[in-house]
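Residues per chain, in single letters:
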Amino acid sequence: MMLKKCIWIRMVWLVCLAVLVSGCSVKFAYNNLDRLVRWQVSDYVNLSAEQKRQLTDEIRSLVRWHRANHLPLYAVYLNTLAAQTGDTISVNKISEIFDQFMVWGDELEAQAMPGTAALLATLTDEQVAKLPAKFEKDNVKMADSESGEGLADYQESWAKDFEDAIERFTGRLDDSQQDYIRLRSQAYQPERVMWADYRRRWQVAFFALLEQRHAKDFEAELTALVASREQFYGSELTAVSAHNEQLTKEVAAHVLSSLSEKQSDRFAAALRKWADDFAELAAG
């Protein structure tokens, strides 16, 4: 139910994933968020009919809040970014973008926490008992993605993922842009095994808290646990994650500053299209 962040907080990213992977529109994906979230939750717990109803009600309530309070901000922000395409983009600018979406994510997390705690409090002992194995399956999958191969393979995978993400908005990158990404990918440090270990440490505390899910202070304790997740990182993950985040920002700043006129126009058009979709959803 909860991984690195509450599953509800990932709803915007579920929209993005659905759009990028399936090619469907932002509006279609957003309007089907309840199905997307229920589908993800079903991977972890088999909800009763009443729990499904409660989950659906909570999702719809959160979506209403999100439409009114966040989507208009997304639309304005994306249009502002679109107007800046073609300009040189600094690492600081990329950091500002990262930080802004983190602020919105934190706000969404706070809004979602009461409903999350309420739903978790309805879990039966049998449902809770099955969660560790479900979570561990994900942990193993994450760790395995950077296990058993060489460093060069992980760096190549990072470069490919980065290139694919950019090209969805800009069209095909030219040879010099691709070469730059692959050159800088040599600085990438594998982190998936460390992330899996972090999740295991956090999940121990989470499962212990679930044993107290009927207590009056459960929501407050859950909120505190989610807010303190970085305390479970460990010094090595903290350092490697910060390094890779900085690498991502530097490569993004360079590539976006090197876009041709055609690439820049396509990138701006994609941002404006998303902005228009968010504005329409907010008004709907």
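Residues numbered from 1 in each chain as written. Predicted model: local features only at pLDDT ≥ 70, side-chain atom pairs only at ≥ 80, totals over all residues. Heavy atoms only, no water.

**Some words on the overall build of the chain**
Counting its secondary structure elements, the chain contains 13 helices and 0 strands. Reading the chain from its N end, one meets helices and strands in the order α-α-α-α-α-α-α-α-α-α-α-α-α. Here the C-alpha radius of gyration of the chain, 20 Å, is about what a compact globule of 284 residues would show, namely 19 Å. Counting only C-alpha atoms and orienting by the principal axes, one finds that the chain spans roughly 60 × 50 × 30 Å. Taking all 284 residues of the chain together, the buried fraction comes to 46%. Within the chain, residue pairs in contact and separated by at least 24 positions form 82% of the contacts whose partners lie at least 6 positions apart. As displayed, the chain offers around 14600 Å² of accessible surface, 54% of which is attributable to carbon and sulfur atoms. The average position of the 33 basic charges and that of the 42 acidic charges among the side chains of the chain differ by 6 Å. (Helix = DSSP H or I, 4+ residues; strand = E, 2+ residues; numbered from the N terminus. Rg over C-alpha atoms; globule rule 2.2 N^0.38 Å. Buried < 20%, exposed > 50% of the residue type's maximum accessible area, 1.4 Å probe, protein only. Contact = heavy atoms within 4.5 Å. Areas by Shrake-Rupley, 256 points an atom, 1.4 Å probe, with all protein chains shown as cover. Lys, Arg positive; Asp, Glu negative; His and termini not counted. Charge placed at Lys NZ, Arg CZ, Asp CG, Glu CD.)

**A closer look at the pattern of salt bridges**
As enumerated under the stated definition, the model contains 17 salt bridges in all. Here Glu136 and Arg200 are joined by a salt bridge, their closest N and O atoms 2.9 Å apart. Here Glu136 is found in helix H7 (residues 125–144), whereas its partner Arg200 is found in helix H10 (residues 192–210), with 64 residues between them in sequence. What makes Arg200 partly exposed here is its relative accessible area of 27%. Glu245 is the salt-bridge partner of Lys249, the closest N and O atoms lying 3.0 Å from each other. One end of the pair is Lys249 and the other is Glu245, both in helix H12 (residues 235–257) and 4 residues apart, which spans about a single turn. Using a relative accessible area of 7% as the deciding quantity, one classes Lys249 as buried. (Salt bridge = Lys/Arg side-chain N within 4 Å of Asp/Glu carboxyl O.)

**Overview of the packing of helix H5 (residues 71–83) against helix H6 (residues 91–120)**
Relative orientation of the contacting elements H5 and H6 amounts to 175°, with a least axis distance of 12 Å. Taken together, the axes of H5 and H6 lie roughly antiparallel to each other. Along the contact surface, H5 presents Leu73, Tyr74, Tyr77 and Leu81, while H6 presents Lys93, Glu96, Ile97, Gln100, Phe101 and Trp104. When grouped by side-chain class, the residues that make up the contact of H5 with H6 number 7 nonpolar, 1 polar and 2 charged. (Axes fitted to C-alpha atoms, helices over the stretch in contact; angles between N-to-C directions. Parallel < 35°, antiparallel > 145°, perpendicular 65-115°, else oblique. Nonpolar A, V, L, I, M, F, W, Y, C, P; charged D, E, K, R; others polar.)

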